[in-house]
Amino acid sequence: MGDASAALARTAARYRATDRFSRHYVAAKLRRDPVYAALLALATEAPLGEVLDLGCGRGQVALALLEAGLASAVQGFDWPGEALTAAARAGTGLPFRAVPADLATLAVLPAADTVLFIDVLYQIEESAQARLLALAAAAARRRVLVRTLDPGHGARSSFTLALELLGRRFWPNTGETVRPVPPRAIAAQLEAAGFTVTISPCWRGTPFANVLLDARRE
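Our subject in this report is the structure included herewith. (Residues numbered from 1 in each chain as written. Predicted model: local features only at pLDDT ≥ 70, side-chain atom pairs only at ≥ 80, totals over all residues. Heavy atoms only, no water.)

1. Here we look at unusual backbone geometry
Logical step 1: The backbone phi angle of aspartate 119 is positive, close to 60 degrees, even though this residue is not glycine.
Logical step 2: Checked against the element boundaries, aspartate 119 lands in the loop between strand E4 (112–118) and helix H6 (126–139).
Logical step 3: Classification of aspartate 119 by relative accessible area gives buried; the value is 15%. (Helix = DSSP H or I, 4+ residues; strand = E, 2+ residues; numbered from the N terminus. Buried < 20%, exposed > 50% of the residue type's maximum accessible area, 1.4 Å probe, protein only.)

Okay, here's the thing in C-alpha coordinates:
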(Lines give C-alpha, C1' and ligand atoms only; values in the text may rest on other atoms or scores of the structure.)
Protein backbone atom coordinates (compact mmCIF):
# COMPACT_ATOMS: atom_id res chain seq x y z
CA MET A 1 0.00 0.00 0.00
CA GLY A 2 3.03 2.26 0.36
CA ASP A 3 3.33 2.97 -3.36
CA ALA A 4 -0.40 3.67 -3.59
CA SER A 5 -0.26 6.05 -0.62
CA ALA A 6 2.64 7.92 -2.20
CA ALA A 7 0.76 8.19 -5.50
CA LEU A 8 -2.32 9.57 -3.71
CA ALA A 9 -0.18 12.08 -1.83
CA ARG A 10 1.38 13.28 -5.09
CA THR A 11 -2.09 13.55 -6.60
CA ALA A 12 -3.36 15.69 -3.73
CA ALA A 13 -0.31 17.96 -4.03
CA ARG A 14 -1.21 18.71 -7.65
CA TYR A 15 -4.37 20.51 -6.52
CA ARG A 16 -2.52 23.12 -4.45
CA ALA A 17 -2.51 25.37 -7.52
CA THR A 18 -6.28 25.03 -8.06
CA ASP A 19 -9.22 26.79 -6.39
CA ARG A 20 -9.82 26.35 -2.67
CA PHE A 21 -12.91 24.15 -3.03
CA SER A 22 -11.13 21.73 -5.40
CA ARG A 23 -8.11 21.58 -3.12
CA HIS A 24 -10.13 20.55 -0.06
CA TYR A 25 -12.61 18.37 -1.93
CA VAL A 26 -9.90 16.29 -3.63
CA ALA A 27 -7.87 15.93 -0.44
CA ALA A 28 -10.94 14.63 1.42
CA LYS A 29 -11.91 12.23 -1.37
CA LEU A 30 -8.42 10.78 -1.66
CA ARG A 31 -8.24 10.31 2.09
CA ARG A 32 -11.69 8.80 2.75
CA ASP A 33 -13.16 7.21 -0.39
CA PRO A 34 -12.27 3.50 -0.79
CA VAL A 35 -12.59 3.65 -4.58
CA TYR A 36 -9.00 4.90 -5.01
CA ALA A 37 -7.40 1.97 -3.20
CA ALA A 38 -9.73 -0.41 -5.06
CA LEU A 39 -8.87 1.02 -8.49
CA LEU A 40 -5.14 1.13 -7.82
CA ALA A 41 -5.23 -2.49 -6.64
CA LEU A 42 -7.09 -3.63 -9.78
CA ALA A 43 -4.78 -1.62 -12.02
CA THR A 44 -1.70 -3.05 -10.29
CA GLU A 45 -2.96 -6.51 -11.20
CA ALA A 46 -3.44 -5.42 -14.84
CA PRO A 47 -2.42 -1.85 -15.86
CA LEU A 48 -5.14 0.12 -17.59
CA GLY A 49 -3.20 1.52 -20.58
CA GLU A 50 -4.97 4.32 -22.44
CA VAL A 51 -7.99 5.41 -20.39
CA LEU A 52 -11.19 7.34 -20.98
CA ASP A 53 -12.53 8.74 -17.70
CA LEU A 54 -16.18 9.60 -18.34
CA GLY A 55 -17.56 12.12 -15.88
CA CYS A 56 -14.06 12.81 -14.58
CA GLY A 57 -15.05 15.81 -12.44
CA ARG A 58 -11.89 17.30 -10.95
CA GLY A 59 -9.79 14.49 -12.42
CA GLN A 60 -8.42 12.98 -9.23
CA VAL A 61 -9.07 9.37 -10.33
CA ALA A 62 -7.22 9.91 -13.59
CA LEU A 63 -4.31 11.72 -11.98
CA ALA A 64 -3.95 9.09 -9.24
CA LEU A 65 -3.67 6.36 -11.89
CA LEU A 66 -1.10 8.39 -13.81
CA GLU A 67 0.90 9.24 -10.68
CA ALA A 68 0.96 5.52 -9.81
CA GLY A 69 2.16 4.60 -13.31
CA LEU A 70 -0.92 2.40 -13.83
CA ALA A 71 -2.28 4.25 -16.88
CA SER A 72 -0.28 5.44 -19.88
CA ALA A 73 -2.58 8.35 -20.80
CA VAL A 74 -6.03 9.58 -19.78
CA GLN A 75 -8.71 11.63 -21.49
CA GLY A 76 -11.18 13.02 -18.95
CA PHE A 77 -14.65 13.89 -20.27
CA ASP A 78 -17.02 16.14 -18.35
CA TRP A 79 -19.25 19.18 -18.55
CA PRO A 80 -17.18 22.36 -19.11
CA GLY A 81 -16.85 24.34 -15.91
CA GLU A 82 -14.81 24.87 -12.77
CA ALA A 83 -14.29 21.16 -12.08
CA LEU A 84 -12.88 20.42 -15.52
CA THR A 85 -10.72 23.56 -15.35
CA ALA A 86 -9.29 22.32 -12.03
CA ALA A 87 -8.62 18.89 -13.58
CA ALA A 88 -6.74 20.42 -16.49
CA ARG A 89 -4.65 22.61 -14.20
CA ALA A 90 -3.83 19.78 -11.78
CA GLY A 91 -2.91 17.50 -14.68
CA THR A 92 -0.26 19.84 -16.08
CA GLY A 93 2.84 17.84 -17.01
CA LEU A 94 1.04 14.49 -17.08
CA PRO A 95 -0.42 12.73 -20.16
CA PHE A 96 -3.89 13.97 -19.23
CA ARG A 97 -6.34 15.76 -21.50
CA ALA A 98 -9.54 17.40 -20.25
CA VAL A 99 -12.33 17.09 -22.83
CA PRO A 100 -15.47 19.28 -22.49
CA ALA A 101 -18.51 17.09 -23.18
CA ASP A 102 -22.15 16.50 -22.29
CA LEU A 103 -22.24 12.79 -21.49
CA ALA A 104 -26.01 12.64 -21.92
CA THR A 105 -25.68 13.52 -25.62
CA LEU A 106 -22.22 12.14 -26.44
CA ALA A 107 -22.37 10.44 -29.85
CA VAL A 108 -19.00 8.71 -30.16
CA LEU A 109 -15.94 7.79 -28.09
CA PRO A 110 -12.36 7.24 -29.27
CA ALA A 111 -10.90 3.76 -28.83
CA ALA A 112 -9.02 3.15 -25.58
CA ASP A 113 -7.83 0.25 -23.48
CA THR A 114 -10.05 1.09 -20.49
CA VAL A 115 -13.19 3.15 -19.91
CA LEU A 116 -14.03 4.43 -16.41
CA PHE A 117 -17.39 5.48 -14.97
CA ILE A 118 -16.82 6.51 -11.35
CA ASP A 119 -20.02 7.72 -9.64
CA VAL A 120 -21.47 9.08 -12.85
CA LEU A 121 -23.95 6.68 -14.50
CA TYR A 122 -26.68 7.10 -11.88
CA GLN A 123 -26.54 10.87 -12.39
CA ILE A 124 -28.00 10.66 -15.90
CA GLU A 125 -31.32 9.34 -17.22
CA GLU A 126 -31.65 5.56 -17.64
CA SER A 127 -31.94 5.64 -21.44
CA ALA A 128 -28.78 7.76 -21.64
CA GLN A 129 -27.01 5.35 -19.25
CA ALA A 130 -27.66 2.41 -21.58
CA ARG A 131 -26.55 4.37 -24.63
CA LEU A 132 -23.37 5.57 -22.91
CA LEU A 133 -22.55 2.04 -21.74
CA ALA A 134 -22.93 0.84 -25.32
CA LEU A 135 -20.49 3.51 -26.50
CA ALA A 136 -18.05 2.50 -23.76
CA ALA A 137 -18.30 -1.18 -24.60
CA ALA A 138 -17.54 -0.42 -28.25
CA ALA A 139 -14.60 1.83 -27.35
CA ALA A 140 -12.91 -0.34 -24.70
CA ARG A 141 -10.32 -2.79 -25.98
CA ARG A 142 -9.80 -4.47 -22.60
CA ARG A 143 -11.88 -3.20 -19.73
CA VAL A 144 -14.78 -1.12 -18.41
CA LEU A 145 -14.77 -0.15 -14.72
CA VAL A 146 -17.96 1.21 -13.14
CA ARG A 147 -18.49 2.46 -9.59
CA THR A 148 -22.18 3.09 -8.98
CA LEU A 149 -24.91 3.32 -6.37
CA ASP A 150 -26.59 -0.06 -5.79
CA PRO A 151 -30.30 0.45 -5.00
CA GLY A 152 -30.66 -3.09 -3.64
CA HIS A 153 -28.96 -2.83 -0.23
CA GLY A 154 -31.87 -1.81 1.99
CA ALA A 155 -31.16 0.87 4.58
CA ARG A 156 -27.65 1.44 3.23
CA SER A 157 -29.08 2.23 -0.21
CA SER A 158 -31.85 4.43 1.22
CA PHE A 159 -29.30 6.47 3.16
CA THR A 160 -27.03 6.87 0.11
CA LEU A 161 -29.91 7.91 -2.14
CA ALA A 162 -31.23 10.40 0.43
CA LEU A 163 -27.78 11.95 0.79
CA GLU A 164 -27.41 12.21 -3.00
CA LEU A 165 -30.77 13.98 -3.25
CA LEU A 166 -29.98 16.29 -0.35
CA GLY A 167 -26.60 17.16 -1.85
CA ARG A 168 -28.26 18.46 -4.97
CA ARG A 169 -29.60 21.39 -2.95
CA PHE A 170 -26.15 22.54 -1.89
CA TRP A 171 -23.51 20.93 -4.11
CA PRO A 172 -22.10 23.20 -6.85
CA ASN A 173 -22.65 22.24 -10.49
CA THR A 174 -24.75 19.14 -9.70
CA GLY A 175 -27.73 18.13 -11.80
CA GLU A 176 -31.08 17.00 -10.43
CA THR A 177 -31.05 13.42 -11.71
CA VAL A 178 -30.42 10.41 -9.45
CA ARG A 179 -31.35 7.23 -11.33
CA PRO A 180 -29.45 4.22 -9.92
CA VAL A 181 -29.80 1.14 -12.15
CA PRO A 182 -29.28 -2.28 -10.50
CA PRO A 183 -25.66 -3.36 -11.04
CA ARG A 184 -26.82 -6.69 -12.48
CA ALA A 185 -28.56 -4.78 -15.29
CA ILE A 186 -25.32 -2.91 -16.05
CA ALA A 187 -23.39 -6.19 -15.94
CA ALA A 188 -25.88 -7.87 -18.28
CA GLN A 189 -25.42 -5.16 -20.91
CA LEU A 190 -21.63 -5.44 -20.72
CA GLU A 191 -21.76 -9.26 -20.79
CA ALA A 192 -23.88 -9.10 -23.93
CA ALA A 193 -21.10 -6.97 -25.47
CA GLY A 194 -18.47 -9.65 -24.76
CA PHE A 195 -17.20 -8.80 -21.27
CA THR A 196 -16.87 -10.94 -18.17
CA VAL A 197 -18.08 -8.92 -15.19
CA THR A 198 -17.45 -9.15 -11.45
CA ILE A 199 -19.30 -6.98 -8.91
CA SER A 200 -17.74 -6.13 -5.54
CA PRO A 201 -18.74 -3.85 -2.64
CA CYS A 202 -16.84 -0.55 -2.70
CA TRP A 203 -17.97 1.08 0.52
CA ARG A 204 -15.34 0.01 3.04
CA GLY A 205 -15.42 2.29 6.09
CA THR A 206 -18.41 4.30 4.85
CA PRO A 207 -22.21 3.99 5.26
CA PHE A 208 -22.83 4.12 1.50
CA ALA A 209 -24.12 1.52 -0.99
CA ASN A 210 -21.43 1.80 -3.67
CA VAL A 211 -20.28 -1.17 -5.73
CA LEU A 212 -17.52 -1.61 -8.30
CA LEU A 213 -18.05 -3.51 -11.56
CA ASP A 214 -14.92 -4.83 -13.26
CA ALA A 215 -15.75 -5.82 -16.85
CA ARG A 216 -12.98 -7.49 -18.88
CA ARG A 217 -12.90 -8.67 -22.48
CA GLU A 218 -13.00 -12.43 -22.71
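Read on for the rest.
2. Focus on the nonpolar core
Logical step 1: Of all hydrophobic cores here, the largest spans 34 residues; its most connected members are Leu54, Phe77, Val115, Phe117, Leu132, Val144 and Leu190.
Logical step 2: Contributions of two or more residues to this core are made by strand E1 (50–54), E4, H6, strand E5 (140–149), helix H8 (183–192), strand E6 (195–201) and strand E7 (210–217).
Logical step 3: With seven residues, H6 is the largest single contributor of residues to this core.
Logical step 4: Not counting the four nearest positions on each side in its chain, leucine 54 is found in contact with Phe77, Leu103, Leu109, Val115, Leu116, Phe117, Ile118, Val120 and Leu132.
Logical step 5: Val35, Leu48, Ala87 and Leu212 belong to the second largest nonpolar core, which has 31 residues in total. (Core = buried A, V, L, I, M, F, W, Y, C linked by side-chain atoms within 4.5 Å. Contact = heavy atoms within 4.5 Å.)

3. Here's the deal with the packing of helix H3 (residues 35–45) against helix H4 (residues 60–67)
Logical step 1: Axis separation between H3 and H4 bottoms out at 11 Å; the angle between their running directions is 40 degrees. Considered as vectors, H3 and H4 are oriented oblique to each other. In the crossing of H3 with H4, the sense of the turn from one axis to the other is right-handed. Residues Tyr36, Leu39, Leu40 and Ala43 of H3 form the contact with H4, whose own contacting residues are Gln60, Val61, Ala64 and Leu65.
Logical step 2: Residue composition of the contact of H3 with H4, grouped by class: seven nonpolar, one polar and no charged. (Axes fitted to C-alpha atoms, helices over the stretch in contact; angles between N-to-C directions. Parallel < 35°, antiparallel > 145°, perpendicular 65-115°, else oblique. Left-handed = near helix turned anticlockwise from the far one by under 90°. Nonpolar A, V, L, I, M, F, W, Y, C, P; charged D, E, K, R; others polar.)

4. Notes on the packing of aromatic side chains
Logical step 1: Within the structure shown, the criterion is met by two aromatic pairs.
Logical step 2: Ring geometry for phenylalanine 21 against tyrosine 25: centres 5.9 Å apart, planes inclined by 10 degrees, an arrangement best described as stacked. A residue pair is termed a helical-turn pair when its members lie 3 or 4 positions apart in one helix, as phenylalanine 21 and tyrosine 25 do in helix H2 (residues 20–32) at four residues.
Logical step 3: Here phenylalanine 159 and phenylalanine 208 contribute two aromatic rings whose centre-to-centre distance is 6.0 Å and whose plane-to-plane angle is 15 degrees, an arrangement assigned as stacked. Residue phenylalanine 159 is found in helix H7 (residues 154–170), and its partner phenylalanine 208 is found in the loop between E6 and E7; the two are separated by 49 residues along the sequence.
Logical step 4: Among the residues examined, phenylalanine 159 registers a relative accessible area of 41% and is labelled partly exposed.
Logical step 5: For phenylalanine 208, a relative accessible area of 26% corresponds to the partly exposed category.
Logical step 6: The ring centre of tyrosine 25 lies 5.4 Å from the NZ or CZ of arginine 58, which sits over that ring. (Phe/Tyr/Trp six-rings, centres within 6.5 Å; stacked < 30°, edge-to-face > 60°. Lys NZ or Arg CZ within 6 Å of the ring centre and 35° of its normal.)

5. Describing the sheet that holds E1
Logical step 1: Across the sheet, seven strands lie side by side as E3-E2-E1-E4-E5-E7-E6; this open sheet has mixed pairing. Strands at the two margins of the open sheet, each flanked by one partner only, are strand E3 (96–100) and E6. Put simply, the sheet's adjacent strands are angled 15 degrees from each other on average, direction ignored.
Logical step 2: Helix H5 (residues 82–90) contacts strand E2 (73–78) and E3 of the sheet and is inclined by roughly 160 degrees relative to E3. (Pairing = 2+ DSSP bridges.)

6. What about the environment of arginine 216?
Logical step 1: Within the secondary structure, arginine 216 sits in strand E7.
Logical step 2: The sequence separation of arginine 216 and phenylalanine 195 amounts to 21 residues, and the corresponding C-alpha distance is 5.0 Å.
Logical step 3: In contact with arginine 216, not counting residues within four places along its chain, are Leu42, Glu45, Ala46, Arg142, Arg143, Gly194, Phe195 and Thr196.
Logical step 4: A polar side-chain atom of arginine 216 sits 3.2 Å from a polar atom in the side chain of glutamate 45. (Polar contact = N/O pair within 3.5 Å; in protein donor to acceptor, adjacent residues only side chain to side chain.)

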